[in-house]
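# A closer look at the structure
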Amino acid sequence: MNSTDSTKSTEEMTLLLDDFRAALCRAESLYCPISDDWIISEIQHFEKYDDVFRPEFLQGLVIVSNSQEDLFIERDDFDILGSTVKTDWIYITQRDSHLNQLKAGPHHLYHDRLRAASRLYDDTQYCFLTTFQPQATADEDLKQLRVAATRYQTLGVAVPSRLARSDNGNKTGLSQMRIAVKDLFHLRGLKTSLCNKDYYRLCPPAQSTATVIQRLADAGGQILGLTKLSSMIAREEPLEAVDFQTPFNPRGDGYQSPAGSSSGSAAAVASYDWLDCAIGTDTSGSGRRPALVNGVYQFRPTHSNVSLDGMVPTFPQFDTPCVFARDLQVMESVLRAWLPRQTPSVVNFEKPFDVFYPVEHFPLQDAQQNLIQSFLDDMSLHFDARIRKISIQDLWHISPPEGVTGSLADYLRDVITQTYYYSYYHSTDSFRDEFAQKYARSPYVIPFVRERWEAGASVSDAEHAEALHKPEVYKSWLLQLLFKFKRTLMVLPIAKVEPNYRDEVTRSPASLPDTDQLYLPPILGSPDIVVPIGEVGYHSRATETYEYLPAAINVVAAPGEDFWLLKIVRETLRRSGRRQDICTGSRVFQTDRMMSA
């Protein structure tokens, strides 16, 4: 049998169980006559649906039947297959212990056993730290692939056939979904790097897999590899990166910062149509900022409803897994696996709801603001949604929490340093101590991390304990004032949309104001979604042409309203005629009504 350059196979055989069995095994109980046109249409469907399948795999067919009575194929049908797709042989058999483990799709024969074929892709955007051998079952330990790509200094990524998808009663829709994972989630048997050489050097292989990743694997998701992040889960611009090169953001001229810390996860989803989604984290914008600049959806679920087990912590009160995707259905599938106890909402789209618009965070520059306003106009037009402009700081001044005086800014002053930075520093105590003991020196970290550690180290235990109370007071006040009625939304910007070239020295800010919009969703513990809504044009000094940067809005709901939030956003896009699927490459959207500004 012939092999293809892009498909990893030797002596390829094709196993097409349920799809072809009904068509080829023509027992008396089956009425699926084979014709040339039918075969051609099925092959065209498979080729369009699955990037691993090739017609050459049909040179040999293994047809597996569930019963002895179905083990039959007429000679005329064999002749049609032979003349149409050049099928040389067909092996018809009944299921046995080995075949029960096989799924539909292309296979190759290796050491007298059928093994699923995978396709190798190049990681051209340098998003992955390592990639994995395809796993047959969720219980199988992941193993590094260790295959170089055809392009210099890149990894090969093995992807499974999509023809093998079968939910087997699982309602998530994750079967065979291709998933990448940020390298701060533990995966059994593998080391964790945090994109820091000294952390990787010290880190032992994990004894277990992070809960949120295991749930995806148990539901049939295929973990392809570990993606890069900002070093030590901090902010990091490309020229600040030392140990590992920052991934390339595909949007615009291709030389824009991918932001962080979940840079590799967001950039991979924006770059590769063979990848369905990627898992990252968000603490103070480390998922939302990459989603904005890489132009993809990002969903951060309700903090209290999703497990942090197996995640390297920075600030557990804020740390939350998040998912990046180009398709909202993919995002919902991940949420169903993560939130099995949360019943998807039944949504009455005609019931009125409020959308709070905090004026202290708006307006932005004209082009970006116009896109946000257009999205809000659509939400108001197609629902009974009341866009309510508010000032959180003025509301605090008028009606502060009981026993609290002064402005909101004064109340929250230094809270982030005394809580988040304190936790960030002390979460790495054992790393610093063990490394110094073993190697007789301090571990290397980038200057930004060192500065944040120094800020956290300056906070006393008493200051930390006292400061932890303030975000809880602020959260309770916000929930009572703005989210008293559960079906309420808040819209927030993420960052200013403007060029940020990866070859420019752009220092990550030492700190953000404690009232910054990036802190609001984690303080609330709320679900939020980043929704790409358009593009902002600019003249690129890199390509000397007119290019486009993604623009997005952050939509926040009350804790526990994850599925309602997702459905409202999806229905807003549908009713207003906006595209729900996002493109890979330099442009977020193809030509449609999502106008560029």
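Check the entry above for the structure.
The rules behind these values
- Sequence positions are assigned chain by chain, starting from 1 and proceeding in written order.
- Selection of residues for local features in this predicted model requires a pLDDT of at least 70, selection of side-chain atom pairs for listing and counting requires 80 or more, and totals for whole chains, interfaces and linings are taken over all residues.
- To get the side-chain values, all heavy atoms of the structure are used, and hydrogens and water are removed first.
- Pairing of aromatic side chains requires ring centres within 6.5 Å, counting the rings of Phe and Tyr and the six-membered ring of Trp. Pairs whose planes differ by under 30 degrees are stacked, by over 60 edge-to-face, and all others tilted.
- Numbering of helices and strands runs from the N terminus, with a helix taken as a DSSP run of H or I at least four residues long and a strand as a DSSP run of E at least two residues long.
- The cut-offs for exposure are 20% and 50% of the maximum accessible area for each residue type, with area from a 1.4 Å probe on protein chains only; residues under the lower value are buried, those over the upper are exposed, and the others partly exposed.
- The criterion for a charge sitting over a ring is simple: Lys NZ or Arg CZ within 6 Å of the ring centre, and within 35 degrees of the ring normal.
- By definition in these notes, contact holds between two residues if any of their heavy atoms fall within 4.5 Å.
- Note on pairing: two strands pair once DSSP finds at least 2 bridges between them.
- Only C-alpha atoms enter the line fits that serve as axes; for helices the fit covers just the stretch in contact. Angles between N-to-C directions range over 0 to 180 degrees.

What follows deals with the packing of aromatic side chains. Per the counting criterion, the structure on display carries 21 aromatic pairs. Taken together, a centroid distance of 6.4 Å and an interplanar angle of 55 degrees make the contact between phenylalanine 318 and tyrosine 420 tilted. With phenylalanine 318 in the loop between strand S13 (297-300) and strand S14 (320-325) and tyrosine 420 in helix H12 (residues 415-426), this residue pair connects regions lying 102 residues apart in the sequence. Note on phenylalanine 318: relative accessible area 5%, which makes it buried. Note on tyrosine 420: relative accessible area 3%, which makes it buried. Judged by centre distance (5.5 Å) and plane angle (90 degrees), the rings of tyrosine 546 and tyrosine 548 are edge-to-face. With relative accessibility at 21%, the residue tyrosine 548 sits in the partly exposed group. Pairwise contacts between aromatic rings join Tyr199, Phe431, Phe435 and Tyr439 into one cluster. In this structure, arginine 201 is placed above the aromatic ring of tyrosine 439, and the distance from its NZ or CZ to the ring centre is 3.9 Å.

Moving on: the side chain of aspartate 123. Mapping aspartate 123 onto the fold places it in the loop between strand S7 (118-122) and strand S8 (128-131). Aside from chain neighbours lying at most four places away, what touches aspartate 123 is Phe128, Thr154, Leu155, Val157 and Tyr272.

The next thing to look at is the sheet that holds strand S11 (residues 222-227). Across the sheet, which stays open at both edges, the 11 strands sit in the order S8-S11-S10-S12-S14-S13-S18-S19-S17-S15-S16 with mixed pairing between neighbours. Each edge of the open sheet is held by one strand with a lone partner, namely S8 and strand S16 (385-390). Direction aside, neighbouring strands of the sheet carry axes that sit 30 degrees apart on average. Where strand S15 (residues 353-358) and S16 come together, 6 bridges link them in parallel fashion. The partner of valine 355 across the bridge, within S16, is isoleucine 387. Its contacts with the sheet put helix H8 (residues 328-338) on strand S12 (277-282), S13, S14 and strand S18 (528-539), and the angle it makes with S14 is roughly 155 degrees.

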